[in-house]
Amino acid sequence: MATLRDIKTRIRSVRQIRKITSAMKMVSVAKLRRHQQRQRQFDPFRASFTSLFTDFAAAAEPKEFPLLSPRPASEGVIVLVVTAERGLCGSYNHGIRRAAEGFLAGNKGPARLLVTGASNRKYFRGRGYDLIEAELPESLRQRALTVGDLIRGSFLSGASARVLAVCDRLDLDRNRGVHLVELLPLAAPEGFEPSRRLGSYLLEGGFGENFKWICEFYLYTLIYGLLLDAAAGEESSRMNAMDLATRNADDLIFDLTLSYNKARQEAITLELLDIVGGSAGESSGN
């Protein structure tokens, strides 16, 4: 049975852990707010550029533009797996791993993985998956450029027929979940209809040159937006995990304090019984 000293030491340890989890929750809240501020700044541009791409794609012949052209399935697929670089984020990485493995289990052609988190690269490598080795910068902007260069080069060279991304995204409406997003070949997203005819645009250099640039920029816009939403999802998951850990610590402190008070009361009762018993013995002896 635990002594009073043991219980008191454990209460002190749990309180120290609670301070750490509470502080980590506050850090995640601050980071999540920064990510959401960047989302609010980026979303109008993302929506406008997506509308521009949709207007041009409606008038384009996909075969004339490499980033829109479908490829034979035998050329394989690249899967961008966006996982956390750091831990303590609950089931965030587990959900993404499960979604990626579910897709790969049903994929018949060759597949290569581009994984963002170091621990998760080790996870997939240990299970025999073919990984693309690349140094990914910490900055989201630089990371989007690096990832975009890699997948665009692989697609245009014919090394891959499709490029998909698996990520856990949090949007500004607080909707969060694991998504499988197709990046290449490019296609107009669902829900976007052409807003204007091409006649309303003044094009210098011709339709082909302009749309080729729009396709490339749209790909990088997709990747940056995806990484930004995934970063918000990661911090949201970490914030929830630290909040749960803090509440569990509170419950544990309450239970331990109750046990300490009971043990202390029992010790006091035993001491009183000893005193009363000793007094009774002395009285009977006299």
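Quick note: structure is the one above.
Residues numbered from 1 in each chain as written. Predicted model: local features only at pLDDT ≥ 70, side-chain atom pairs only at ≥ 80, totals over all residues. Heavy atoms only, no water.

Caption draft 1: How the structure looks around the overall build of the protein chain. Secondary structure summary: the protein chain contains 5 helices and 4 strands in total. For the protein chain, the sequential pattern of α-helices and β-strands runs α-β-α-β-α-α-β-β-α. Taken against the 2.2 N^0.38 rule, which gives 19 Å for 286 residues, the C-alpha radius of gyration of the protein chain at 29 Å runs more than 25% over that of a compact globule. When the backbone C-alpha atoms are referred to their principal axes, the protein chain occupies close to 120 × 40 × 30 Å. Within the protein chain, counting contacts between residues at least 6 apart in sequence, those at least 24 apart form 78% of the total. By element, 53% of the accessible surface of the protein chain is carried by carbon and sulfur atoms, the whole surface being about 16,400 Å². (Helix = DSSP H or I, 4+ residues; strand = E, 2+ residues; numbered from the N terminus. Rg over C-alpha atoms; globule rule 2.2 N^0.38 Å. Contact = heavy atoms within 4.5 Å. Areas by Shrake-Rupley, 256 points an atom, 1.4 Å probe, with all protein chains shown as cover.)

Caption draft 2: Local environment of the sheet that holds strand β2 (residues 111-115). One open sheet accounts for 4 strands, arranged β2-β1-β3-β4; its pairing is mixed. Since the sheet does not close on itself, it has two edges, and those belong to β2 and β4 (176-184), each with one partner. Taking the axes of each pair of neighbouring strands and ignoring which way they run, one obtains an average angle of 20° across the sheet. In this structure, strand β3 (residues 162-170) lies alongside β4, joined through 8 bridges in antiparallel fashion. Along β4, the bridge assignment pairs Val163 with Leu184. Across the sheet, helix α4 (residues 140-156) lies against β1 (77-81), β2, β3 and β4, angled at about 45° from β4, the strand it touches most. (Pairing = 2+ DSSP bridges. Axes fitted to C-alpha atoms, helices over the stretch in contact; angles between N-to-C directions.)

Caption draft 3: Examining the packing of aromatic side chains more closely. Scanning the model with the defined rule gives 16 aromatic pairs in all. Plain terms: the ring middles of Phe56 and Phe211 are 5.9 Å apart, the flat faces sit at 15° to each other, and that makes the pair stacked. Taken together, the positions of Phe56 in helix α1 (residues 4-59) and Phe211 in helix α5 (residues 207-285) put the pair 155 residues apart, joining distant regions of the chain. Aromatic pair Phe65 and Phe207: ring centres 6.1 Å apart, planes at 80°, arrangement edge-to-face. Linking Phe65 in the loop between α1 and β1 with Phe207 in helix α5, this pair joins segments that are 142 residues apart in sequence. Given a relative accessible area of 7%, Phe65 falls into the buried group. These aromatic residues form a ring-pair network of at least three members: Phe42, Phe45, Phe49, Trp213, Phe217 and Tyr224. A cation over an aromatic ring shows up here: Arg97 above the ring of Tyr123, its NZ or CZ 4.1 Å from the ring centre. (Phe/Tyr/Trp six-rings, centres within 6.5 Å; stacked < 30°, edge-to-face > 60°. Buried < 20%, exposed > 50% of the residue type's maximum accessible area, 1.4 Å probe, protein only. Lys NZ or Arg CZ within 6 Å of the ring centre and 35° of its normal.)

Caption draft 4: Main features of α1. Taking 1.5 Å of rise per residue, the 56 residues of α1 would be expected to cover 82 Å, and the 79 Å separating its terminal C-alpha atoms lies within 8% of that figure. The axis of α1 is deflected most strongly, by about 35°, at Phe42, and proline Pro44 appears within four residues downstream. (Expected span 1.5 Å × (residues − 1). Bend = angle between axes of the 7 residues up to and from the residue.)

Caption draft 5: Structural detail: the pattern of salt bridges. As enumerated under the stated definition, the model contains 14 salt bridges in all. In this structure, Lys25 and Asp243 form a salt bridge, with 2.9 Å as the shortest nitrogen-oxygen distance. You can see Lys25 sitting in helix α1 and its partner Asp243 sitting in helix α5, a full 218 residues away along the chain. Relative accessible area serves as the criterion here: at 22%, Lys25 is assigned to the partly exposed category. Under the relative-accessibility criterion, Asp243 is labelled partly exposed at 21%. (Salt bridge = Lys/Arg side-chain N within 4 Å of Asp/Glu carboxyl O.)

Caption draft 6: Focus on the environment of Phe217. By the secondary structure assignment, Phe217 is in helix α5. Taking C-alpha positions, Phe217 is 9.5 Å from Phe53, a pair spaced 164 residues apart along the chain. Ignoring anything within four residues of it in the chain, the contact list for Phe217 reads Phe45 and Phe49.

Caption draft 7: The arrangement of the nonpolar core in detail. Counting 55 residues, the largest nonpolar core has Ile151, Leu183, Leu186 and Phe211 as its most contacted members. A per-element tally of this core places α5 first, with 12 residues. Excluding residues that lie within four positions of it along the chain, Leu183 makes contacts with Leu80, Ile151, Val163, Leu164, Ala165, Leu219, Leu222, Ile223 and Leu226. Within the second largest apolar cluster, 8 residues are counted, among which are Ile11, Val14, Leu256 and Ala263. (Core = buried A, V, L, I, M, F, W, Y, C linked by side-chain atoms within 4.5 Å.)

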